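Listed below, chain by chain, are the residues.
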Amino acid sequence: MQFWSPTRRDAPDIDVDAEEFPSQNALVPADSVPGRSLVIVIAIMTFLAALAANVAILVADASVEWRSDIAREATVQVRPTPGRNIEADVAAAAEAMRQTPGVREARVYAQSESEALLTPWLGEGLDLSELPTPRMIVLKLETENRPDFDKLRMELERVVPNAALDDHHVFIERLGDMARAAVATAALIFILILAAMAVAVASATRAAVTTNREIVEVLHIVGAADAFIAQEFQRRFMALGFRGALIGGGGAIAFFVLAQFLAHRWRATGGGEQMEAMFGDFSIGPSGFLAIVLLVGGVATLTGYLSRHIVLRHLWRLG
């Protein structure tokens, strides 16, 4: 950074023959301990912010897939009733559903399959033959020509009074609420990380101004423009911010690439299947990479802007 503006080198109060006073130096050297510390802090904060942003994107995308998959199905539950033949009721309900426009397929679960659905709650090894286990019919719905569920319920009640239709709308709404809560939490974490980063940058700028106060005040007294002094701080801190953000953003990309690789390796395991069902294969896609690139640019810009603003406020107090 040039201490003296080129338009002021011939000012009478400046010793142009002072060989010992450097003509160029950096108010905030990039290789100083505070500069390296700030780069490390910004890198860590950028990494965490990129994780929060992409987790929000992954959850939002996965939520859309979950709800889309669930919305393509509906279930009919046929309850055993004294005096009625459960097998005849199941066959009649399935046939009525197959004749309904918008229903692509109606699959009847066998007695053993219906009993297997109770295993997670009742445990294995139980004899459920004496229990009045409901029979299930899974309906595959057409995407474009969805059925009218109100009419479908009326038709089902007319054919089989002891049958109930579930279009999963309650579960879909709860799933959407859960996904929105997760995205909101990730967004809040993202904002808090950026706020913490801004505090760190502000503290580093104030420390740099304090450390070089004599130089800044001399520049101000001899007539150097405030914008010139602030611009030098802005350039230096923007370079530090960009370096840290680039390291943090690159680390986040490496993390997701590694996570995607491990997800493919663990896909065959039960835990891997659950993780893939919740977050997909950890592939962030173009939107995720774009978010990281924008974050890196935004962090560098924010760092430069904050440093400029703080320096201008300090110079303004000097009068």
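Residues numbered from 1 in each chain as written. Predicted model: local features only at pLDDT ≥ 70, side-chain atom pairs only at ≥ 80, totals over all residues. Heavy atoms only, no water.

**A look at the overall build of the protein chain**
Along the backbone of the protein chain there are ten helices and four strands. Counting helices and strands in the order they occur from the N terminus, the protein chain gives α-β-α-β-α-α-β-α-β-α-α-α-α-α. Expressed as a percentage of its 319 residues, the buried residues of the protein chain come to 36%. Sequence separation of at least 24 residues holds for 79% of the intrachain contacts in the protein chain that already meet a minimum separation of 6. Carbon and sulfur atoms make up 61% of the accessible area of the protein chain, which amounts to about 18,500 Å² in all. (Helix = DSSP H or I, 4+ residues; strand = E, 2+ residues; numbered from the N terminus. Buried < 20%, exposed > 50% of the residue type's maximum accessible area, 1.4 Å probe, protein only. Contact = heavy atoms within 4.5 Å. Areas by Shrake-Rupley, 256 points an atom, 1.4 Å probe, with all protein chains shown as cover.)

**Brief notes about the pairing of strand 3 (residues 135–141)**
Burial analysis of strand 3 places six of its seven residues in the buried class, the great majority of the element. Examined bridge by bridge, strand 1 (residues 73–78) and strand 3 share six bridges and lie antiparallel to one another. For V78, the partnering residue across the bridge sits in strand 3 and is R135. Judged from the five bridges that link them, strand 2 (residues 103–108) and strand 3 form a sheet pairing that is antiparallel. Residue pairing for strand 3: A106 is matched across the bridge by L139. (Pairing = 2+ DSSP bridges.)

**Thoughts on the packing of aromatic side chains**
Summed over all chains, the structure comprises two aromatic pairs. With centroids separated by 6.2 Å and ring planes inclined at 85°, the aromatic side chains of F47 and F255 adopt a geometry described as edge-to-face. Here F47 is found in helix 1 (residues 33–71), whereas its partner F255 is found in helix 8 (residues 226–265), with 208 residues between them in sequence. What makes F47 partly exposed here is its relative accessible area of 25%. Where F255 meets F256, the ring centres are 5.4 Å apart and the plane angle is 80°; that geometry is what we call edge-to-face. (Phe/Tyr/Trp six-rings, centres within 6.5 Å; stacked < 30°, edge-to-face > 60°.)

**Side note on the pattern of salt bridges**
Within the structure shown, the criterion is met by eight salt bridges. Residue E87 is joined to R135 by a salt bridge in which the shortest nitrogen-to-oxygen separation is 2.6 Å. Linking E87 in helix 2 (residues 86–98) with R135 in strand 3, this pair joins segments that are 48 residues apart in sequence. Relative accessible area serves as the criterion here: at 4%, R135 is assigned to the buried category. Linking E155 and R158 is a salt bridge whose minimum nitrogen-to-oxygen distance equals 2.6 Å. Taken together, the positions of E155 and R158, both in helix 5 (residues 149–159) and three residues apart, correspond to about one turn of that helix. (Salt bridge = Lys/Arg side-chain N within 4 Å of Asp/Glu carboxyl O.)

**A short note on the sheet that holds strand 4 (residues 163–166)**
Read across the open sheet, the four strands follow the order 2-3-1-4; overall the sheet is antiparallel. Across the chains shown, the open sheet's two edge strands, defined by having one partner strand only, are strand 2 and strand 4. The sheet shows a mean angle of 20° between the axes of neighbouring strands, direction not considered. Together, strand 1, strand 3 and strand 4 form the strand contacts of helix 5, whose direction differs from that of strand 4 by roughly 165°. (Axes fitted to C-alpha atoms, helices over the stretch in contact; angles between N-to-C directions.)

**Things to note about a nonpolar patch on the surface**
Residues I40, I44 and L48 make up a contiguous nonpolar surface patch of roughly 270 Å² in combined accessible area. With respect to the helices and strands, the residue L48 is situated in helix 1. L48 gets classed as partly exposed once you look at its relative accessible area, which sits at 37%. (Patch = residues over 30% accessible without salt bridge, like charges linked within 9 Å, V, L, I, M, F, W, Y side chains within 5 Å.)

**Things to note about the side chain of T205**
Summarising the element assignment, T205 is placed in helix 6 (residues 169–211). Given a relative accessible area of 0%, T205 falls into the buried group. Leave out the neighbours within four places in its chain, and T205 touches F237, S307, I310 and V311.

**Some details on the confidence of the model for the protein chain**
Per-residue confidence for the protein chain gives a mean pLDDT of 79; residues scoring 70 or more make up 81%. Low pLDDT, under 50, characterises residues 1–24; the predicted model gives this stretch 31 contacts beyond four residues in sequence or across chains. (pLDDT = per-residue confidence, 0-100.)

**With respect to the packing of helix 6 against helix 10 (residues 285–318)**
Where helix 6 contacts helix 10, the axes come no closer than 9 Å and their chain directions differ by 40°. Here helix 10 runs oblique to helix 6, going by the angle between their axes. Considering only the axes of helix 6 and helix 10, their crossing is right-handed. For the pair helix 6 and helix 10, contact is made by F190, L194, M197, A198, V201, A202, T205, R206 and V209 and by L295, V299, T303, L306, S307, I310, V311 and H314, respectively. Across the contact of helix 6 with helix 10, the residue classes break down as twelve nonpolar, four polar and one charged. (Parallel < 35°, antiparallel > 145°, perpendicular 65-115°, else oblique. Left-handed = near helix turned anticlockwise from the far one by under 90°. Nonpolar A, V, L, I, M, F, W, Y, C, P; charged D, E, K, R; others polar.)

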